[in-house]
Structures are given as C-alpha cells and as structure tokens.
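# Fold and contact review
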Amino acid sequence: MSQLALVIRARPRIGLGGRVHHEGRREVARATVALLFSDIEGSTRLLQQMGPTYAHVLLEHRRLLRGVFAEHGGRERGTEGDSFFVTFPTASAAVAAAMAGQRALSGHRWPSPE
C-alpha cells in the first residue's frame, strides 16, 4: 500500500459576530483551526494495478481514516477520490490524528496490488 501524504497547516479562523465596544467598534472573534489534507501517494498507478479491487481498498482507507479523524475531534470538510480535507480544533490534534492514521493504515492487512 502506498504512503499516505498528510499536510497540516494551522491558521486563524475569523468569526462573524463578536462584541461591540463602547466606542461602537466591533471586536472580531478569533480562533485557531488546523487543516489536514490527505492523499494516497501513487493512487492512479495503484488503481491501474488493482482494477476492481481498488474500490474495496478505497472504502477501507476511508473507513479507517474517518474513525481516526473522529477520535481526534476532526471534522471532515471534503473528500475527492482518495483525498480528505479535515479540520481540527488544534494543530496537536491534527498531528495526533495524522500519526494515528499512518499507524492504522500501516497496520491494516491490504490486498496485494498484483
């Protein structure tokens, strides 16, 4: 099974509401959110090698990662093909999910590509 490539980026998230100061200015609520993007490295080649079996592999991949992401407080924002876009409340939660995801994928018994 190919490596799972994960990119994690923490950035401020600006809220819409906020409090109004006595001078009439609005204070914007801010929070930090961590972004995690995943992709199966070499998935096109893997699809070509595995043929119809790849559909089962992709379902297992999604099941394993969705479980890990949920355990670490992740919210799935999008998926396309074999990739995920997930947000986490902290960068440490995203890193922990990435590590747990790698362990879950490497510990799973995958069918042979040939």
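What this report covers is the structure whose coordinates are included nearby.

Procedures and definitions
- Residues numbered from 1 in each chain as written.
- Predicted model: local features only at pLDDT ≥ 70, side-chain atom pairs only at ≥ 80, totals over all residues.
- Heavy atoms only, no water.
- Helix = DSSP H or I, 4+ residues; strand = E, 2+ residues; numbered from the N terminus.
- Expected span 1.5 Å × (residues − 1).
- Buried < 20%, exposed > 50% of the residue type's maximum accessible area, 1.4 Å probe, protein only.
- Arc of directions from axis to C-beta.
- Salt bridge = Lys/Arg side-chain N within 4 Å of Asp/Glu carboxyl O.
- Phe/Tyr/Trp six-rings, centres within 6.5 Å; stacked < 30°, edge-to-face > 60°.

Okay, helix α2 (residues 53–71) next. Under the 1.5 Å per step criterion, the end-to-end length of α2 is 28 Å for 19 residues, consistent within 8% with the ideal 27 Å. By the burial criterion, the buried members of α2 are Tyr54, Val57, Leu58, Glu60, His61, Leu64, Leu65, Val68 and Phe69. Taken around the axis of α2, the buried residues stretch over an arc of 165°, which confines them to a single face. For α2, the exposed residues set more than 90 degrees away from the buried face come down to Leu59, Ala70 and Glu71. Immediately downstream of α2, the backbone of Gly73 shows phi near 80°, a positive value.

Another aspect to go through is the pattern of salt bridges. It is possible for side chains of opposite charge to pair when their charged atoms get near one another. Enumeration according to the criterion identifies 2 salt bridges in this entry. A salt bridge links Glu60 to Arg63; the shortest N-O distance between them is 2.8 Å. Here the residue Glu60 and the residue Arg63 both occupy positions in helix α2, the gap between them amounting to 3 residues, near one helical turn. For Glu60, a relative accessible area of 15% translates into the label buried.

Okay, the packing of aromatic side chains next. On inspection of all chains with the given rule, the structure shows 3 aromatic pairs. When the ring of Phe69 is compared with that of Phe84, the centres are 5.4 Å apart and the planes differ by 80°; the resulting orientation is edge-to-face. In this pair, Phe69 is assigned in helix α2 and Phe84 in strand β6 (residues 83–88), connecting sequence segments 15 residues apart. Ring centres 6.1 Å apart and planes at 80° place the aromatic pair Phe69 and Phe88 in the edge-to-face group. Placement of Phe69 in helix α2 and of Phe88 in strand β6 is noted, with a sequence separation of 19 residues between them. Residue Phe69 shares its accessibility class with Phe88, and that shared class is buried.

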